[in-house]
Structure formats: C-alpha cells, structure tokens
Amino acid sequence: MPSYLALATYRSRTTLDGSMVDLCVTKGKDVAWWLECASAQIKTRLAKRYAVDFSDPGPVPDQIIFWLIRLVNIDVMECTGAIPEGRVDNWADEARKQVYEELKTAADSENGL
C-alpha cells in the first residue's frame, strides 16, 4: 500500500529536524518503507469502521497524517539514537501504544469518533 505521505512531505511536516530523517536514509534505512508500513497499519485499524480508502482519490484527514507522523517519528528517533527528554527506557513502545489506543478509539463503532 502506498504511504499517506511521500518521504519529502513527511520530512517537511515532521516536528523532528529534517537532518534526523536524512541521517536515517544515509544509514541505509528505508524511511519511505516505514511510512508505507505505518500507513498500512492505520488503514487496517480503521477499515472495519470506515468503508473509505482515505488515500484514493481525495485528501487524507489531518488526524490520519498526525498519527502517521507520530509513528514514523518514533522509528526515526530510534534510528538516530535520539531519546526525548524525560522519557524512560521503553518510551518508544509507550509512544506507539498511545497512538494505537487512539486508533482503537477512532475505530470503535459504538464509542469512536
């Protein structure tokens, strides 16, 4: 599945410094693939609730882009060795868990968005 964001667009929208993204690419990491995987995870989690392919043909809702950026930011930070200030050792797992909980809530047919 194609990503909801191209690598260049992700690089310009992320709150991380673009040089961190570039460092991952320089290290041989496929950041575009991370974007594709995270997009697929989001789509899979929302598919049962919303019978819409948010990437075809129209614009993708901002909330989906926000979740995608947050998920890939975690990968980029792990790749570069950056640790957010005040975070514990398992900060990446906790950050992913928070995004997945938000997706779960959005996909909940009774109590979701």
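Here goes a summary of the coordinates provided.

Definitions and limits used
Residues numbered from 1 in each chain as written. Predicted model: local features only at pLDDT ≥ 70, side-chain atom pairs only at ≥ 80, totals over all residues. Heavy atoms only, no water. Helix = DSSP H or I, 4+ residues; strand = E, 2+ residues; numbered from the N terminus. Expected span 1.5 Å × (residues − 1). Core = buried A, V, L, I, M, F, W, Y, C linked by side-chain atoms within 4.5 Å. Buried < 20%, exposed > 50% of the residue type's maximum accessible area, 1.4 Å probe, protein only. Contact = heavy atoms within 4.5 Å. Axes fitted to C-alpha atoms, helices over the stretch in contact; angles between N-to-C directions. Parallel < 35°, antiparallel > 145°, perpendicular 65-115°, else oblique. Left-handed = near helix turned anticlockwise from the far one by under 90°. Nonpolar A, V, L, I, M, F, W, Y, C, P; charged D, E, K, R; others polar. Salt bridge = Lys/Arg side-chain N within 4 Å of Asp/Glu carboxyl O. Polar contact = N/O pair within 3.5 Å; in protein donor to acceptor, adjacent residues only side chain to side chain.

1. Looking at helix 4 (residues 62-80)
Spanning 19 residues, helix 4 covers 26 Å between terminal C-alpha atoms, matching the ideal 27 Å at 1.5 Å per step. After helix 4 finishes, the residue Gly-81 shows a positive phi value of roughly 80°.

2. Thoughts on the nonpolar core
One recurring pattern in soluble globular proteins is that nonpolar side chains are buried together. Counting 32 residues, the largest nonpolar core has Tyr-10, Val-31, Ile-42, Trp-67, Leu-68, Val-72 and Val-76 as the members making the most contacts within it. Residue assignment for this core shows that the elements contributing at least two residues are helix 2 (18-26), helix 3 (31-47), helix 4 and helix 5 (91-107). The element that contributes the greatest number of residues to this core is helix 4, accounting for eleven residues. With residues near it in sequence (within four places) discarded, Val-31 still touches Leu-7, Tyr-10, Val-21, Cys-24, Val-25, Val-72 and Val-76.

3. Overview of the packing of helix 2 against helix 4
With their axes 9 Å apart at the nearest point, helix 2 and helix 4 run at an angle of 65° to one another. It follows from the interaxial angle that helix 2 and helix 4 lie roughly perpendicular. Between helix 2 and helix 4 lies a crossing whose hand is left-handed. Here Met-20, Val-21, Leu-23 and Cys-24 of helix 2 come into contact with helix 4, specifically with Val-76, Met-77, Cys-79 and Thr-80. Tallied by class, residues from the contact of helix 2 with helix 4 come to seven nonpolar, one polar and no charged.

4. So, the pattern of salt bridges
Proximity of charged atoms lets side chains of opposite charge pair with each other. In this structure the tally under the stated criterion is five salt bridges. Between Arg-96 and Asp-93 there is a salt bridge, with its nearest N and O atoms 3.9 Å apart. Of the two residues, Arg-96 and Asp-93 both sit in helix 5, three residues apart, roughly one turn of that helix. With relative accessibility at 18%, the residue Arg-96 sits in the buried group.

5. A few points about the side chain of Asn-73
Along the chain, Asn-73 falls in helix 4. Overall, Asn-73 belongs to the buried group, its relative accessible area being 9%. Within the local environment of Asn-73, its side chain forms a polar contact with the side chain of Thr-14, the two groups lying 2.6 Å apart. The residues touching Asn-73, leaving out its near neighbours within four places in the chain, are Tyr-10, Thr-14, Thr-15 and Leu-16.

6. With respect to helix 5
Taking 1.5 Å of rise per residue, 17 residues should cover 24 Å, and helix 5 covers 24 Å from first to last C-alpha, within 8% of that figure. For helix 5, the full list of buried residues reads Trp-91, Ala-92, Ala-95, Arg-96, Val-99, Tyr-100, Leu-103 and Ala-106. Next to the buried residues of helix 5 lie helix 3 and helix 4.

7. Thoughts on the environment of Ser-12
Here Ser-12 is to be found in helix 1 (residues 7-13). A relative accessible area of 59% places Ser-12 in the exposed class. In this structure the side chain of Ser-12 is engaged in a polar contact, spanning 2.9 Å, whose partner is the backbone oxygen of Thr-9.

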